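Report on the structure
As a plain string of letters, each chain reads:
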Amino acid sequence: MQNFWPSSGFTPLQRNPRGWLLPTDDFLRLFLARPELAPVPESCPAERALHAALLAWPSRPVTPADVQKVQDQDVGDSYQFFLRFRDGLLAAGTLEAYYLGLFARDGTGLITIPPLFIDLLAQAITHNLLHESGDAYEVRAGEMLFRPQRISTQDGQVLSGDRAVLDLLSQTGGVGDFGRFLAEAGAPQPGISLQVLGDDNAPDYWLQAEKHAFLLDLTHEITHDLSHGLAFTLTRARSGLKAIASVLQKWVWHFLGVRVTIRPLQKIDDSAWRWHLGLDAEATALLNDLYEGREVEPARLQRLVSLFRLDFADTQEMRSDVAGKPVYLGLMMNADGVLRLKPQNLLVNLPLRPSM
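Conventions used here
Residues numbered from 1 in each chain as written. Predicted model: local features only at pLDDT ≥ 70, side-chain atom pairs only at ≥ 80, totals over all residues. Heavy atoms only, no water. Helix = DSSP H or I, 4+ residues; strand = E, 2+ residues; numbered from the N terminus. Buried < 20%, exposed > 50% of the residue type's maximum accessible area, 1.4 Å probe, protein only. Contact = heavy atoms within 4.5 Å. Areas by Shrake-Rupley, 256 points an atom, 1.4 Å probe, with all protein chains shown as cover. Phe/Tyr/Trp six-rings, centres within 6.5 Å; stacked < 30°, edge-to-face > 60°. Polar contact = N/O pair within 3.5 Å; in protein donor to acceptor, adjacent residues only side chain to side chain. Pairing = 2+ DSSP bridges. Expected span 1.5 Å × (residues − 1). Arc of directions from axis to C-beta. Core = buried A, V, L, I, M, F, W, Y, C linked by side-chain atoms within 4.5 Å. Axes fitted to C-alpha atoms, helices over the stretch in contact; angles between N-to-C directions.

Further remarks concern the overall build of the chain. Of regular secondary structure, the chain possesses 14 helices and 13 strands. For the chain, with 356 residues in total, the buried portion stands at 44%. In the chain, the share of contacts with a sequence separation of at least 24, taken over all contacts with a separation of at least 6, comes to 63%. In the form shown here, the chain has an accessible surface area of approximately 17900 Å², with 52% of it arising from carbon and sulfur atoms.

In structure tokens form, the structure reads like this:
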């Protein structure tokens, strides 16, 4: 067991008998240490007093008047968001219950916190799912549930890299503020080189996981059709798509207690296609258009990273009108090459039996 993402806050959390995460004061203190809330030399006395009081007792009652005393409006707003998040989390009792409440299947969910808080929740929960995993590919794929990715395609290879890391490297050449200075001055910069995760460097991932600096190969397996209805598949060793599928299977089981199998798919060839869901906003719109038979531009189709097929282990856990039918999933980048996976879609849009 390795603490591969120290910033996730998993270590100070506790688990209930179901395996869901119980918030602790030390977990809340991690948020108070973030730059949005940590005092700076210019912070007013009221801000410093509020921060010190919350550090000492993160769940202490805070009145609106306490926040209004903070002179910096942006900092005051940050405290309002934190307190809303904290109070909702403590009321829900676990990180998972709070997360589910934000995306209620009955449509009653109300999101009143910034996306950053949702991503931090997803990171801690994903860490919980994978804390005993010894598979670097699976853990790297888990990063996609809470960190936007940039997708690049070259010579038939599809690679996923952390958007924030790649954007920083493109600005600085990987040498910090000096690199940014060179870029602004138009001077030549050192070449940027990130490693594609493979069996040879997988041991290094565990030492550098917090840097989010490894690329994940999302290239599909290649199938060649032979005569007489035969086919053979060139298998890509340790496929990143299979790793994503494995993480999403665990995600569904952890939250919903439903066993599913998910496998990558190159195309949907199903005349009885009944149910689909996108794993991001772009894929949702694309699958809706394809399902309705609308014409889709080739350039838009090319942004589809992968399809997946999801099957329920027990079809009695499905809605009766689609029981036994596969669920098709899509994963897609936007026009800027950015992929924002939304794992909550699996919790909200699966065709579950109404009583579940």
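Here the narrative resumes, following the displayed structure.
Let's shift gears to the packing of aromatic side chains. For the coordinates displayed, the defined rule picks out 17 aromatic pairs. With a centroid separation of 4.8 Å and 55° between ring planes, the pair formed by Trp251 and Phe255 is classed as tilted. Of this pair, Trp251 and Phe255 both sit in helix H11 (residues 240–256), four residues apart, which is roughly one turn of the helix. Here Trp251 falls in the buried class, since its relative accessible area comes to 0%. Residues Trp273 and Tyr291 carry aromatic rings whose centres are separated by 5.4 Å and whose planes lie at 70° to one another, so their mutual orientation is edge-to-face. Placement of the pair is Trp273 in the loop between strand E9 (260–265) and strand E10 (275–278) and Tyr291 in helix H12 (residues 281–291), with a sequence separation of 18 residues. For Trp273, a relative accessible area of 16% corresponds to the buried category. Through a chain of ring-to-ring contacts, the aromatic side chains of Phe4, Trp5, Phe146, Tyr205, Trp206 and Phe214 assemble into a single cluster.

Here Trp57 lies in the loop between helix H2 (45–56) and helix H3 (64–68). Trp57 gets classed as partly exposed once you look at its relative accessible area, which sits at 47%. Each C-alpha atom of the pair Trp57 and Arg29 lies 9.0 Å from the other, and the pair is 28 residues apart in sequence. Of note is the side chain of Trp57, whose polar atom sits 2.9 Å from the side chain of Ser59.

So, about the sheet that holds strand E5 (residues 195–196). One open sheet holds the five strands; their spatial order is E5-E6-E4-E3-E13, and the pairing between them is mixed. In this open sheet, the two strands that pair with only one neighbour each are E5 and strand E13 (338–339). The sheet contact formed by strand E3 (residues 149–154) and strand E4 (residues 157–162) spans six bridges and is antiparallel. Each bridged residue has a counterpart across the sheet, and for Gln154 the counterpart in E4 is Gln157.

Helix length check: H2 (12 residues) gives 17 Å between terminal C-alpha atoms against 16 Å at 1.5 Å per residue, within 8%. Buried within H2 are the following residues: Glu47, Leu50, His51 and Leu54. With its buried residues spanning 95° around the axis, H2 presents them on a single face. Relative to its buried face, H2 has exposed residues pointing more than 90 degrees away, namely Pro45 and Ala56.

Next up on the list: the nonpolar core. Tyr99, Trp251, Leu346 and Leu350 are the most contacted members of the largest nonpolar core, which totals 84 residues. In terms of residues, this core owes the most to one element, H11, which gives 10 residues. When sequence neighbours within four positions are dropped, the list of residues in contact with Tyr99 reads Ile118, Leu121, Ala122, Ile125, Trp251, Phe255, Pro343, Gln344 and Leu347.

This paragraph deals with unusual backbone geometry. With phi around 50°, His212 is a residue other than glycine that occupies positive phi space. Mapping His212 onto the fold places it in the loop between helix H10 (202–208) and strand E6 (214–217).

This brings us to helix H4 (residues 73–92). Counted at 1.5 Å a residue, the expected span for H4 with its 20 residues is 28 Å, and the 29 Å between its end C-alpha atoms agrees. Residues of H4 that are buried: Val75, Gly76, Ser78, Tyr79, Phe82, Leu83, Phe85, Arg86 and Leu89. Turning to H4, the residues buried within the fold contact helix H1 (25–32), H2, H3, helix H5 (95–102) and helix H6 (115–130). Where H4 begins, one side-chain oxygen reaches toward the backbone nitrogen of Asp74, 2.9 Å away; that side chain belongs to Asp72. Downstream of H4 by one or two residues, Gly93 has phi in the positive range, about 95°.

Spatially, four strands are ordered E9-E11-E12-E10 in an open sheet, and the strand pairing comes out mixed. Whereas interior strands pair on both sides, the edge strands pair on one side only; in this sheet they are E9 and E10. Recorded for the sheet is a direction-independent mean angle of 25° between the axes of neighbouring strands. Taken together, the six bridges between strand E11 (residues 304–312) and strand E12 (residues 327–332) define a ladder with antiparallel strand orientation. Pairing of Arg309 across the sheet is with Tyr328, part of E12. Against the sheet, H11 engages E9, E11 and E12, with an angle of about 155° to E9. Across the sheet, H12 is in contact with E10, E11 and E12; its angle to E12 comes to roughly 130°.

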